[in-house]
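The primary structure of each chain is shown beneath.
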Amino acid sequence: MKKIVALFSGEGTNLANLIEKIHLKHAIITCAITNNPDAGGISKARAAGIPVEVCDHTEYQNREEYDAALVEMIHDYAPDLVVLCGFMRILTPVFTKQIHSINLHPSLLPAFKGARAIERSYESDEKICGVSVHWVTDELDGGEIILQKSFTKNPNDNLEEFSAKIREIEHDILPLSVIKILND
């Protein structure tokens, strides 16, 4: 069975979704790595018996030093694929040149790259919104698109309702993307 390392920073809802839909079915999540020692996703991974590593970015002098430590940690698990599922770090070429990884982004790229994509998409005049899964490259949210799914924005939705639609799509297309890549 192929091996995945998952990177996350927060509550771990997308990590929990990968555990439910991928782990021990299509691949083994050999490790979940977070940059946040207080991330809610830590307990989700541990509850599934998945080892957790904390690589706290605040303990490093700069992004490159952090990325070098992260790459070393990932290499210890020899994954076939690294999945960024809510990993809130801008990665440098130290990472992107060495690690074969995909990222989940809550907009229809190339629109709304970077942080606060859900809010910026919600506040925009765009009528069609959605989610993208893409390859990680040196360019922030600029790698080749693997899968996108869209929906028509309801002007009556509040931000919470809009965000719920984004999360539902994320939970749909991230596992589909992982399966597609591992089967190619």
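Provided above is the structure to which this section pertains.
Residues numbered from 1 in each chain as written. Predicted model: local features only at pLDDT ≥ 70, side-chain atom pairs only at ≥ 80, totals over all residues. Heavy atoms only, no water.

Details of the nonpolar core
- Among the nonpolar cores identified, the biggest contains 34 residues, and Ile-4, Leu-15, Leu-18, Val-83, Ile-102, Leu-174 and Val-178 are the most heavily contacted of them.
- In contact with Val-178, not counting residues within four places along its chain, are Ile-4, Leu-18, Ile-22, Leu-81, Val-83 and Ile-102.
- In this structure, Cys-31, Ala-69, Phe-87 and Leu-91 belong to the second largest nonpolar core, which totals 19 residues. (Core = buried A, V, L, I, M, F, W, Y, C linked by side-chain atoms within 4.5 Å. Buried < 20%, exposed > 50% of the residue type's maximum accessible area, 1.4 Å probe, protein only. Contact = heavy atoms within 4.5 Å.)

Topic: unusual backbone geometry
- Residue Leu-109 is joined to Pro-110 through a cis peptide bond whose omega torsion reads 15 degrees.
- Along the chain, the position of Pro-110 falls in the loop between strand E5 (101–105) and helix H5 (117–123).
- A positive phi angle is found at Leu-24, which is not glycine, with a value near 65 degrees.
- Secondary-structure assignment places Leu-24 in the loop between helix H1 (13–21) and strand E2 (28–34).
- You will see that Asp-141, though not glycine, has its phi angle at about 50 degrees, which is positive.
- Locating Asp-141 in the fold gives a position in the loop between strand E6 (128–135) and strand E7 (145–152).
- Note on Asp-141: relative accessible area 9%, which makes it buried. (Helix = DSSP H or I, 4+ residues; strand = E, 2+ residues; numbered from the N terminus.)

Some points on the environment of His-171
- Mapped onto the elements of the fold, His-171 is located in helix H6 (residues 159–183).
- Aside from chain neighbours lying at most four places away, what touches His-171 is Thr-13, Asn-14, Asn-17 and Lys-21.

Things to note about the environment of Cys-129
- Mapping Cys-129 onto the fold places it in strand E6.
- Given a relative accessible area of 2%, Cys-129 falls into the buried group.
- Sequence spacing of Cys-129 and Glu-161 is 32 residues, and the spatial spacing of their C-alpha atoms is 13 Å.
- Among residues more than four places away in sequence, those in contact with Cys-129 are Leu-108, Ser-121, Lys-149, Ser-150, Phe-151, Lys-153 and Phe-162.

Regarding the environment of Thr-30
- Within the secondary structure layout, Thr-30 lies in strand E2.
- Separated by 74 residues in the primary sequence, Thr-30 and Leu-104 place their C-alpha atoms 19 Å from one another.
- Contact partners of Thr-30, with chain neighbours within four places excluded, come to Lys-3, Ile-4, Val-5, Ile-50, Pro-51 and Tyr-77.

What to know about the sheet that holds strand E3 (residues 52–54)
- Within the open sheet, the seven strands sit side by side as E3-E2-E1-E4-E5-E6-E7. Their pairing is mixed. Both outer strands of the open sheet, E3 and E7, are each paired with one neighbouring strand and no more. Sheet twist, expressed as the mean angle between neighbouring strand axes with direction ignored, is 20 degrees.
- Where E5 lies against E6, four bridges are found, and the strand directions are antiparallel. In the strand pairing of E6, Asn-103 is matched with His-134.
- Along the sheet, H1 makes contact with strand E1 (3–8), E2, strand E4 (81–84) and E5, crossing E2 at roughly 170 degrees. (Pairing = 2+ DSSP bridges. Axes fitted to C-alpha atoms, helices over the stretch in contact; angles between N-to-C directions.)

Digging into the side chain of Asn-14
- With respect to the secondary-structure elements, Asn-14 resides in helix H1.
- At 3.2 Å, the side chain of Asn-14 and the side chain of Glu-170 are in polar contact.
- Setting aside chain neighbours within four positions, we find Asn-14 in contact with Cys-85, Leu-104, Glu-170, His-171 and Leu-174. (Polar contact = N/O pair within 3.5 Å; in protein donor to acceptor, adjacent residues only side chain to side chain.)

Examining the packing of aromatic side chains
- Within this structure, the stated rule accounts for three aromatic pairs.
- Ring geometry for Tyr-122 versus Phe-162: centroids 5.5 Å apart, planes at 55 degrees, classification tilted. Highlighted residues: Tyr-122 in helix H5 and Phe-162 in helix H6, separated in sequence by 40 residues.
- Judged by its relative accessible area of 0%, Phe-162 falls in the buried class.
- When the ring of Phe-151 is compared with that of Phe-162, the centres are 5.5 Å apart and the planes differ by 55 degrees; the resulting orientation is tilted. Linking Phe-151 in strand E7 with Phe-162 in helix H6, this pair joins segments that are 11 residues apart in sequence. Each member of the pair Phe-151 and Phe-162 is classed as buried.
- Joined through ring pairs, the aromatic side chains of Tyr-122, Phe-151 and Phe-162 make up one cluster. (Phe/Tyr/Trp six-rings, centres within 6.5 Å; stacked < 30°, edge-to-face > 60°.)

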